[in-house]
Amino acid sequence: MADDYLWVEGVPFFNNFNPETLRQLRDEFVIKAEDVVTVTYPKSGTNWLIEILCLIHFKGDPKWIQSVPIWERSPWVESDFGYQLLSEKEGPRLISSHLPIQLFPKSAFSSKAKVIYAIRNPRDVLVSGYFFWSLVTTCKKPKSLEEYFEWFCQGNVVYGSWFDHIHGWMSMKDRENFLILSYEELKKDTSKTVEKICQFLGKTLEPEELKLILKNSSFQAMKENKMSNYSFVDGTFLRNELPLIRKDIPGDWKNHLTVVQAEAFDKLFQKKMADLPRELFPWE
Ligand code: A3P
């Protein structure tokens, strides 16, 4: 069991998750109009986005991000810990999730809560995931990148198929309370993308505040912030040193996938994503 998944409605999860909690979460958890929800497929730059949202909340002041763990500032709704914390929290909440849309709390779809969905080039998601999941104790551990490549293409990885995740959430794309961002645009012009997020949230920033946000959410700052780099997560989740904040190089997949794998992935991408607008995928 230690090296396997827990399957819920055809989706693989960490094996310490409780299927009943997941079903209860979907049917009973109330997303409120004032909540801000971050949803991503794992390894799409989620923690970076959360850090930015926390900093926007305090106008760039790093006190909160330096004193409270990231998973308490914006709890993972699908974890027992996060579910509990969020259920007890008063007022507007930051909420994080990697859930595919069919397992997300149903209440969200009739709520005005703002949802930000971040997408990243799946080739980089794949490589980042390979290094990350190899260290996680509560899911299947790939023996090699070749093996993980096959799993990823088949959706036999934690939280299921990347292609299905995107398709599911893109059914929300025309809603006013749904913002789609890409890791690539955040990387290319962080300042402009932070302003876009603020506009979506109905917030304004002074130039000095924006500068503070950029400084305090930079790759280096996050790597050094023990409240954000998961360095003190206990060993039951991670086998050893964690590369959560690993390389920060869009296109790093080129250093890892073979030409044959890259070509096979291109074909799969074309086949699976042809029905979605090209603008969603700025790296293509
Ligand atoms: P790499 O493994 O390709 O380096 P998630 O938070 O969804 O798990 O995503 C992790 C990815 O986001 C990792 O990608 C990590 O390095 C990158 N990342 C984390 N913080 C970042 C930051 N401040 N700036 C840029 N990339 C960051």
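Analysis parameters
- By convention here, each chain's residues receive numbers from 1 onward along its written sequence.
- Residue-level local features of this predicted model are given only where pLDDT is at least 70; pairs of side-chain atoms are given and counted only at 80 or more, and the full residue set underlies all totals for whole chains, interfaces and linings.
- Helix and strand definitions follow DSSP, with helices as H or I runs of at least four residues and strands as E runs of at least two, each counted in order from the N terminus.
- Field definition: a residue is buried when 20 or more other C-beta atoms are found within 10 Å of its C-beta, exposed when 12 or fewer are, and partly exposed for counts in between, with C-beta atoms placed from the backbone.
- Each residue is represented by a C-beta atom placed from its backbone, and any two residues with such atoms within 7 Å are regarded as in contact.
- Any two strands with at least two DSSP-identified bridges between them are counted as paired.
- Only the stretch in contact is used when fitting a helix axis, every axis being a line fitted to C-alpha atoms; angles between N-to-C directions are given from 0 to 180 degrees.
- Our arc is simply the arc of the directions from the helix axis toward the C-beta atoms.

The next subject is the overall build of the chain. Regarding its fold elements, the chain presents 13 helices and 6 strands. The buried share of the chain, reckoned over its 284 residues, is 35%. For the chain, contacts bridging at least 24 residues in sequence account for 70% of all contacts bridging at least 6.

Once that is clear, we can look at the sheet that holds strand E3 (residues 36-40). The parallel open sheet is built from 4 strands, whose spatial order is E4-E3-E5-E6. Two strands bound the open sheet, and with one partner strand each, they are strand E4 (94-97) and strand E6 (178-182). The sheet shows a mean angle of 20° between the axes of neighbouring strands, taken without regard to direction. Summarising the sheet, E3 and strand E5 (residues 114-119) pair through 5 bridges and their orientation is parallel. Bridge pairing in E5 links threonine 38 to isoleucine 116.

Moving on: helix H8 (residues 162-170). For H8, every residue scored as buried is listed here: Trp162, His165, Ile166 and Trp169. Angular distribution of buried residues about the axis of H8 spans 95°; they occupy a single face of the element. At its buried positions, H8 is contacted by E3, E5, helix H6 (122-133) and helix H7 (145-154).

Attention shifts here to the pairing of E3. Counting buried positions over the 5 residues of E3 gives 5, a clear majority of the element. Of the two faces of E3, the one carrying Val36, Thr38 and Thr40 and the one carrying Val37 and Val39 are both buried. Of the pairings in the sheet, the one linking E3 to E4 comprises 4 bridges and is parallel in character. By the bridge assignment for E4, threonine 38 is matched with serine 96.

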